[in-house]
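# Tertiary structure, described
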Amino acid sequence: MKMSNNKKIRITDTTLRDAHQSLWATRMRTDDILGIAETIDNAGYYSLECWGGATFDVCMRFLRENPWERLRRIKKVCKKTPLQMLFRGQNILGYKHYPDDIVERFTALACENGMDIFRVFDALNDPRNLEQAIRCVKKYGGHAQGTICYTTSPVHTVENYVKLAKEQEAMGVDSLCIKDMAGILTPGAARELVGALSRALPGMPVQVHSHMTSGMAAAMYMAAAEAGAGCLDCAISTMSSFSSQPPTESVVSILESEGFDTGLDRAALSKINAYFRNIKAKRQPAATAKVEPVDAGVLVHAIPGGMISNLRSQLAGQDALDRLPEVLEELPKTRADMGYPPLVTPTSQIVGVQSVLNVLSGKRYSMVTDETKRYAAGYYGRTPAPIEPKLRKKLCGGLKPITCRPADLLEPGLVDAAKALPPGTVRAEEDILSYALFPEVALGYFKWRNEGGPIPADEEATAASKAAPSPAAPAQAGEAKAAPAVEGTPVLAPLNGTFYRSDAPGKPPMAADGAAVKAGDAVCVVEAMKLFNPIKATAAGKITFLAAHGKPVTKGQVVATVA
């Protein structure tokens, strides 16, 4: 082993956010974290990534927890190590752009509640979508970390990445992260990119984030460290690898053998690892426990680590898990069609779900989500490469394309969000922000909170499934399953999901009961896989709705008739 020559390199721990998002579909509870938080705080990490990404949504939607309370409770224990979050720029934590006033107030409250480091990124690497978030982080005293979302394509070059980094430096970022969402950054490419950034932006700290999906991230980390990276993202070993980050203990040994000093406490790491090994059995979903340890296919489809587990869950929710290979084959084709976006939330979700729809529908782009339409029309920002004009026109439908910063078209939204909340709902200002980001999810959580629900939603679902057969279960052998009697042309749910008469909370129904509609008119939506899928009338006539707003529907269910 080489003797240490005091080459310092720091480690950010991702166990409390990205690791369980990648491996457990984000199902770690706050109590799970607090049971070991003090030891983690004393281990010597540079920072603890514990918030952002899918954690905010899942806390309310499935775990029945307040994400703001999670942040406060972690901060109360972790007094030595800075807390870090993943911040989707103008998308904040959601799948669309939010008005500037919501971005600002969210940032201010995040700082007040204990957040220190904000890793700000945009899925399209569009600098215009980073400006407001970075400005607000600096304004309220946070550390603004700029981000390069790494991917490969004919238009993604080292020169373009350096140009993006300089644009973020001009915005005032304190450090820079190379975010390799899918684990496709090779050691050679890392050495070249880190070296180029170090030469172009001397003095700018560079951090590297990756996933072990392809199996090469640990080797890549060593190359990045040698090229000048000052910090690396790792997860404790029992929560590492597969589609998570490289294992902390192994990376520390690799680095120390080459003369680097991480400053981490090995005894503390051992204790942390033993703790998470004990809770793994009850938290890891069965569907993600059976994945292959290395997926070399990621070098083709480039699906990020956090999306792999979600994609499996989404296909399982559509009773189509067996079609995963078809989706993985379709996804790079869809990505190329849509201008080679880096696959990270929300573009990973948009491209991924569109790929699923292309496969399940049997005809590419015969079903197009609202989010895909808005993406093609420029409402998420500039695509890295232009979309072929004929396809773009088809994807946009009747939506007019834009070229300005998307958020410039948005009116302030915070006051309207506060007014829209039912009386007696709000316990703190943070609740208004939760609603502004995830209206339906937040309302469901607030209702559960006010009624004193006893257990998390995912455990409720498990208990209910044990107590009674699922209404969507297939008929047993010899058992007749009668179709509902309907008059007129049926309108069917294209997917399993939640049925809505309107396309956004607080908006009027897309079509009133008894209204005259034309064939092809969008009349309702099904929220599936976190995106909104319009349902079109299948004939001209008067429409009668049979499904209830806000209730689950199954694929093929008659949600309305047109006569």
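This text follows the structure it describes.
Residues numbered from 1 in each chain as written. Predicted model: local features only at pLDDT ≥ 70, side-chain atom pairs only at ≥ 80, totals over all residues. Heavy atoms only, no water.

### Topic: the overall build of the chain
Here is the rule we go by: Helix numbers and strand numbers start at the N terminus; a helix is a DSSP run of H or I with at least 4 residues, a strand a run of E with at least 2. Radius of gyration here is computed from C-alpha atoms only, and the compact-globule reference equals 2.2 Å multiplied by the residue count raised to the power 0.38. Categorising residues by exposure relies on relative accessible area from a 1.4 Å probe, with only protein chains included: less than 20% of the type maximum marks a residue as buried, more than 50% marks it as exposed, and the intermediate range marks it as partly exposed. Should any heavy atoms of two residues lie within 4.5 Å, those residues are considered in contact. In this tally, Asp and Glu contribute negative charge and Lys and Arg positive charge; neither His nor the terminal groups of the chain are included. In plain terms, the charge of a residue is placed at NZ if it is Lys, CZ if Arg, CG if Asp and CD if Glu.
Broken down by element type, the chain carries 23 helices and 18 strands. Here the C-alpha atoms of the chain give a radius of gyration of 24 Å, agreeing with the 24 Å that 2.2 N^0.38 yields for 563 residues. C-alpha atoms of the chain, sized along the principal axes, occupy 80 × 55 × 50 Å. The 563 residues of the chain split such that 57% are buried. For the chain, long-range pairs separated by at least 24 residues make up 74% of all intrachain contacts whose partners lie at least 6 apart in sequence. Looking at the chain, you have 65 positive and 59 negative side-chain charges, and the mean spots of the two groups are 2 Å apart.

### Some remarks on the sheet that holds strand β15 (residues 531-536)
In plain terms, the rule: Following DSSP output, two strands are said to pair if at least two bridges run between them.
Pairing is antiparallel across the open sheet formed by four strands, whose spatial order is β15-β14-β12-β17. Only two strands of the sheet have a single partner each, and these edge strands are β15 and β17 (552-553).

### Quick notes on the packing of helix α21 (residues 429-437) against helix α22 (residues 439-451)
Note the following rule: Convention adopted: a line fitted to C-alpha atoms gives each axis, helices being fitted over their contacting stretch, and angles between N-to-C directions are expressed from 0 to 180 degrees. Should an angle fall under 35 degrees it is taken as roughly parallel, and over 145 as roughly antiparallel, whereas 65 to 115 is taken as roughly perpendicular and any remaining angle as oblique. Charged means Asp, Glu, Lys or Arg here, nonpolar means Ala, Val, Leu, Ile, Met, Phe, Trp, Tyr, Cys or Pro, and polar covers whatever is left, Gly included.
Axis separation between α21 and α22 bottoms out at 5 Å; the angle between their running directions is 135 degrees. When the axes of α21 and α22 are compared, the pair comes out oblique. Residues Asp431, Ser434, Tyr435, Ala436 and Leu437 of α21 pack against Pro439, Ala442, Leu443, Phe446 and Arg449 of α22. When its residues are assigned to classes, the contact of α21 with α22 shows seven nonpolar, one polar and two charged.

### Quick notes on the side chain of histidine 209
How we decide: In the analysis that follows, any N or O atom pair within 3.5 Å is treated as a polar contact, provided that within protein one partner can donate a hydrogen and the other can accept it, and provided that, for residues neighboring in sequence, both atoms belong to side chains.
Topologically, histidine 209 is positioned in strand β8 (residues 206-209). A polar contact of 3.2 Å, which involves the side chain of histidine 209, links it to the side chain of aspartate 18. Within the structure, the side chain of histidine 209 is placed 2.8 Å from the side chain of aspartate 233, a separation counted as a polar contact. Every residue in contact with histidine 209, bar those within four places of it in the chain, is listed here: Asp18, Arg119, Cys177, Ile178, Lys179, Asp180, Tyr221, Asp233 and Gln245.

### Some thoughts on unusual backbone geometry
Between threonine 345 and the following residue, proline 346, the backbone shows a cis peptide bond with an omega angle of 5 degrees. Relative to the helices and strands, proline 346 is located in the loop between α16 (324-337) and α17 (347-361). Residues other than glycine seldom take positive phi values, yet tyrosine 365 does so here, at roughly 65 degrees. Among the structural elements, tyrosine 365 can be located in the loop between α17 and α18 (370-376). With relative accessibility at 6%, the residue tyrosine 365 sits in the buried group.

### Quick word on helix α12 (residues 266-283)
Along an α-helix, residues three or four positions apart point the same way, because every turn accommodates 3.6 residues. Stated precisely, the cut-off is as follows: Multiplying 1.5 Å by the helix residue count minus one yields the expected span of that helix.
Its 18 residues place the ends of α12 25 Å apart at the C-alpha level, agreeing with the 26 Å of an ideal helix rising 1.5 Å per residue. N-capping of α12 is provided by aspartate 265, with a side-chain oxygen placed 2.9 Å from the backbone N of alanine 267.

### Comments concerning the state of the cysteines
Selection rule: Disulfides are defined as pairs of cysteine sulfur atoms found within 2.5 Å of each other.
The final tally for this structure, using the stated rule, is zero disulfides. Cysteine cysteine 396 is unpaired, with the sulfur of cysteine 404 as its nearest cysteine sulfur at 14 Å.

### Quick look at the packing of aromatic side chains
Formally: Ring pairs shown here join Phe, Tyr and Trp side chains whose ring centres sit within 6.5 Å, with only the six-membered ring taken for Trp; geometry is labelled stacked below 30 degrees between planes, edge-to-face above 60, and tilted in between.
For the structure shown, the criterion picks out 15 aromatic pairs. Relative to phenylalanine 56, the ring of tryptophan 51 has its centre 5.5 Å away and its plane inclined at 70 degrees; by these criteria the two rings are edge-to-face. Here tryptophan 51 falls in the buried class, since its relative accessible area comes to 1%. Classification of phenylalanine 56 by relative accessible area gives buried; the value is 0%. Seen in terms of ring centroids, tyrosine 500 and phenylalanine 532 are 6.0 Å apart; in terms of plane orientation they differ by 40 degrees. Their pairing is tilted. With a gap of 32 residues between them, tyrosine 500 in strand β12 (residues 497-500) and phenylalanine 532 in strand β15 connect regions that are remote in the sequence.

### Examining helix α5 (residues 67-77)
Rules: The directions from the helix axis to the C-beta atoms form the arc being described.
All of the buried residues in α5 are Pro67, Trp68, Arg70, Leu71 and Ile74. Considered in projection along α5, the buried side chains sweep an arc of 155 degrees and stay on one side of the axis. Capping the start of α5 is the job of one residue whose side-chain oxygen sits 2.9 Å from the backbone nitrogen of tryptophan 68: asparagine 66.

### A word on the pairing of strand β2 (residues 10-13)
The pairing of β2 with strand β9 (residues 231-234) spans four bridges and is classified as parallel. Paired with isoleucine 11 across the strands is leucine 232, a residue of β9. Sheet topology places β2 next to strand β3 (residues 47-52); two bridges connect them, and they run parallel. In the sheet register, threonine 12 faces β3, and the bridge partner there is serine 47.

### Quick look at the pairing of strand β16 (residues 541-545)
Along any regular strand the residues' side chains alternate between the sheet's two faces. Looking at chain direction, strand β13 (residues 516-517) and β16 are connected through two bridges and run antiparallel. The partner of alanine 516 across the bridge, within β16, is lysine 542. Here β16 runs beside strand β18 (residues 558-562); their pairing, made up of three bridges, is antiparallel. Paired with isoleucine 543 across the two strands is valine 562, which belongs to β18.

### Considering the sheet that holds β13
The four strands lie next to each other as β11-β18-β16-β13, forming an open sheet whose pairing is antiparallel. Edge positions in the sheet fall to β11 (489-492) and β13, since each of these pairs with one other strand and no more.

### Considerations on the side chain of glutamate 249
We count it as follows: By definition, a salt bridge exists where a carboxyl oxygen of Asp or Glu is found within 4 Å of a side-chain nitrogen of Lys or Arg.
The topology assignment puts glutamate 249 in helix α11 (residues 248-257). This buried residue, glutamate 249, is left without a salt bridge; arginine 277 holds the nearest opposite charge, at 6.9 Å. A polar side-chain atom of glutamate 249 sits 2.9 Å from a polar atom in the side chain of serine 237. Setting aside its immediate chain neighbours within four residues, glutamate 249 contacts Ala235, Ile236, Ser237, Arg266, Leu269 and Asn273.

### A word on the pattern of salt bridges
Scanning the model with the defined rule gives 28 salt bridges in all. A salt bridge links aspartate 18 to arginine 17, with the shortest nitrogen-to-oxygen separation between them at 3.4 Å. One exposure class covers both aspartate 18 and arginine 17, and it is buried. For arginine 283, the salt bridge goes to aspartate 32, with nearest N and O atoms at 2.7 Å. Here arginine 283 is found in helix α12, whereas its partner aspartate 32 is found in helix α2 (residues 30-34), with 251 residues between them in sequence. With a relative accessible area of 14%, arginine 283 lands in the buried category. Aspartate 32 gets classed as buried once you look at its relative accessible area, which sits at 5%. Taken together, the shared-partner salt bridges connect Arg17, Asp18 and Glu49 into one network.

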